[in-house]
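Listed below are the residues making up each chain.
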Amino acid sequence: QYETFCIKQSNYGPGNISVGTSLTTDDDIKLSLTGLWFRMNDKIQRILNIVNNHVKPNNESLEDSWTDLSNYSIISILVHRGKWAK
């Protein structure tokens, strides 16, 4: 999880989670958590498609999707607690 997290963050930086905001207002945090929800939903839909429809993944394994999902969950907790990118 940690290695995947580090690789993704080196590619995207913390601004993709904060959606370019400072995460100081309730609206900033809500926007960030909504974005995280969309990313998590994308991963869940991908996992469901692979598992239910026996689809062979093209660019990331099923385990990679689960790892991303778990990292998004941890990031969501950090955003909610006001600890993201601090």
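Residues numbered from 1 in each chain as written. Predicted model: local features only at pLDDT ≥ 70, side-chain atom pairs only at ≥ 80, totals over all residues. Heavy atoms only, no water.

**Digging into the pattern of salt bridges**
A full pass over the atoms with the stated rule returns 4 salt bridges. Residue K43 is joined to E60 by a salt bridge in which the shortest nitrogen-to-oxygen separation is 2.8 Å. Placement of K43 in helix 3 (residues 26-53) and of E60 in the loop between helix 3 and helix 4 (62-80) is noted, with a sequence separation of 17 residues between them. Accessibility classification places K43 together with E60 in one group, the buried group. Between E60 and R46 there is a salt bridge whose closest N-O contact spans 3.9 Å. Here E60, found in the loop between helix 3 and helix 4, pairs with R46, found in helix 3; they are 14 residues apart in sequence, far enough to count as distant. Note on E60: relative accessible area 15%, which makes it buried. Look at the salt bridges and you will find they share partners, linking K8, K43, R46, E60 and D68 into a network. (Salt bridge = Lys/Arg side-chain N within 4 Å of Asp/Glu carboxyl O. Helix = DSSP H or I, 4+ residues; strand = E, 2+ residues; numbered from the N terminus. Buried < 20%, exposed > 50% of the residue type's maximum accessible area, 1.4 Å probe, protein only.)

**Description of empty space enclosed by the protein**
Enumeration over the complete set of coordinates arrives at 1 cavity of 30 Å³ or more. Considering only enclosed or pocket space, the largest cavity measures out at about 110 Å³ in volume. Every residue lining the largest cavity is listed: T4, F5, K8, Q9, Y12, N16, I17, D68, N71, Y72 and I75. Residue assignment for the lining of the largest cavity shows that the elements contributing at least two residues are helix 1 (2-12), helix 2 (15-18) and helix 4. Here the element with the most residues in the lining of the largest cavity is helix 1; it accounts for 5 residues. A per-class count over the lining of the largest cavity returns 5 nonpolar, 4 polar and 2 charged. (1 Å grid on protein atoms, 1.4 Å probe; cavity = no way out; pocket = protein on both sides within 12 Å on 5 of 7 lines; lining within 4 Å. Points joined across faces, edges and corners; volume = space filled by probe spheres on them. Nonpolar A, V, L, I, M, F, W, Y, C, P; charged D, E, K, R; others polar.)

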